[in-house]
Amino acid sequence: KISKSEGLIVSAGPGRTNLETGFQSPMPISAGEKVMFGKYDGTEVTYNGEKHTLIRDDDVLVKFPSDESDLDAAEVLWDAVLVRVPQIEEEKSASGILFAKTSTKQKKSSVGEVVKVGPGRYAFNGELMEMDVSPGDMIKYRDFAAQEVEIRDEEFAVVRMTDILAKF
């Protein structure tokens, strides 16, 4: 499990510009918003004696536009999907012996319920490509494609639309 980092956005640029078409996609985050990003994302810098982390908008897993850091306030960016993943329970033998998760080589589930959906990704021509999933859908995504986040003591996964294999 990758540890997550959190922070408050101090400043954000204007957005990305497509070098071929000149289209500038809007910046999905703004100063004052709280964000969660991967532990290994970003670059630490010291500016005016304070440590900061420079991150890209793609590094943001979840943002909270208000002071509330709960599921209702959570938003995902671009083509990201927030998924509630069921916990894999410990196995029990017929005689009642519990097997530890590590001894049975079980991995995290790659099936879950869609909770939040980003607005989509911009195409080269500037059109917003809508998402093919909605909250409430069950999905199967690529093993190890998800980044885990914890919101109010509940585990979720953030996956990109391109990593979703099936919707049912």
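In what follows, the structure referred to is the one given above.
Treat the numbers as computed from the prediction; the structure is a model and nothing was measured. (Residues numbered from 1 in each chain as written. Predicted model: local features only at pLDDT ≥ 70, side-chain atom pairs only at ≥ 80, totals over all residues. Heavy atoms only, no water.)

1. Focus: the layout of surface pockets
A water-sized probe, rolled over the atoms, reveals where empty space remains.
Line of reasoning, step 1. What the largest pocket holds in volume is close to 580 Å³.
Line of reasoning, step 2. Forming the boundary of the largest pocket are 27 residues, of which I9, S11, T53, L54 and I55 lie nearest the centre.
Line of reasoning, step 3. Counting residues per element, the ones that place at least two in the lining of the largest pocket are strand 1 (4-8), strand 4 (34-38), strand 5 (43-47) and strand 6 (50-54).
Line of reasoning, step 4. Residues of the lining of the largest pocket, tallied by class, amount to 12 nonpolar, eight polar and seven charged. (1 Å grid on protein atoms, 1.4 Å probe; cavity = no way out; pocket = protein on both sides within 12 Å on 5 of 7 lines; lining within 4 Å. Points joined across faces, edges and corners; volume = space filled by probe spheres on them. Helix = DSSP H or I, 4+ residues; strand = E, 2+ residues; numbered from the N terminus. Nonpolar A, V, L, I, M, F, W, Y, C, P; charged D, E, K, R; others polar.)

2. Some thoughts on the side chain of D79
Line of reasoning, step 1. Here D79 shows up in the loop between strand 7 (60-64) and strand 8 (80-84).
Line of reasoning, step 2. A distance of 3.4 Å separates polar atoms of two side chains, one belonging to D79 and the other to R121.
Line of reasoning, step 3. Of the polar contacts made by the side chain of D79, one reaches the side chain of R160; its length is 3.4 Å.
Line of reasoning, step 4. In this view, D79 contacts G120, R121, M131, V159, R160 and M161; residues no more than four positions away in its chain are not counted. (Polar contact = N/O pair within 3.5 Å; in protein donor to acceptor, adjacent residues only side chain to side chain. Contact = heavy atoms within 4.5 Å.)

3. Things to note about the side chain of D59
Line of reasoning, step 1. Structurally, D59 can be placed in the loop between strand 6 and strand 7.
Line of reasoning, step 2. With a relative accessible area of 8%, D59 lands in the buried category. (Buried < 20%, exposed > 50% of the residue type's maximum accessible area, 1.4 Å probe, protein only.)

4. Focus on the sheet that holds strand 17 (residues 164-167)
Strands belonging to one sheet form pairs held by backbone hydrogen bonds; the direction of such a pair is parallel or antiparallel.
Line of reasoning, step 1. One open sheet holds the six strands; their spatial order is 15-16-8-11-14-17, and the pairing between them is antiparallel. Either end of the sheet is taken by a strand with one partner, and the two such strands are strand 15 (147-151) and strand 17. Taking the axes of each pair of neighbouring strands and ignoring which way they run, one obtains an average angle of 45 degrees across the sheet.
Line of reasoning, step 2. One ladder, built from five bridges, connects strand 15 with strand 16 (residues 154-160); its direction is antiparallel. (Pairing = 2+ DSSP bridges. Axes fitted to C-alpha atoms, helices over the stretch in contact; angles between N-to-C directions.)

5. A few points about the nonpolar core
One broad trend across soluble globular proteins is that nonpolar side chains are buried collectively.
Line of reasoning, step 1. In this structure, V62, F64, L82, V149, I151, F156 and V158 are the most contacted members of the largest nonpolar core, which totals 14 residues.
Line of reasoning, step 2. Of all the secondary-structure elements, those providing two or more residues to this core are strand 7, strand 8, strand 15 and strand 16.
Line of reasoning, step 3. Here this core gets three residues from one element, more than from any other, and that element is strand 7.
Line of reasoning, step 4. When near neighbours in sequence (up to four residues on either side) are disregarded, V158 contacts L61, V62, A80, V81, L82, A145, A146, Q147 and V149.
Line of reasoning, step 5. By size, the runner-up hydrophobic cluster in this structure holds 12 residues, among which are V81, V85, M161 and I164. (Core = buried A, V, L, I, M, F, W, Y, C linked by side-chain atoms within 4.5 Å.)

6. Things to note about the packing of aromatic side chains
Line of reasoning, step 1. Enumeration according to the criterion identifies two aromatic pairs in this entry.
Line of reasoning, step 2. Ring centres of F23 and Y122 lie 5.3 Å apart, and the angle between their planes is 45 degrees; this geometry places the pair in the tilted category. Here the residue F23 occupies a position in the loop between strand 2 (15-17) and strand 3 (24-26), and Y122 occupies one in strand 12 (residues 121-122), the gap between them amounting to 99 residues.
Line of reasoning, step 3. Residue F23 is classed as partly exposed on the basis of its relative accessible area of 25%.
Line of reasoning, step 4. Their ring planes at 75 degrees and their centres at 5.8 Å tell us that W78 and Y122 sit as a pair that is edge-to-face. Of the two residues, W78 is situated in the loop between strand 7 and strand 8 and Y122 in strand 12; the sequence distance between them amounts to 44 residues.
Line of reasoning, step 5. Assessed through its relative accessible area of 29%, Y122 is described here as partly exposed.
Line of reasoning, step 6. Here a set of aromatic residues connected by ring pairs shows up, and it is made of F23, W78 and Y122.
Line of reasoning, step 7. Over the face of the ring belonging to F64 we find K34, whose NZ or CZ atom lies 6.0 Å from the ring centre. (Phe/Tyr/Trp six-rings, centres within 6.5 Å; stacked < 30°, edge-to-face > 60°. Lys NZ or Arg CZ within 6 Å of the ring centre and 35° of its normal.)

Interpretation in functional terms is not warranted from these geometric data alone.
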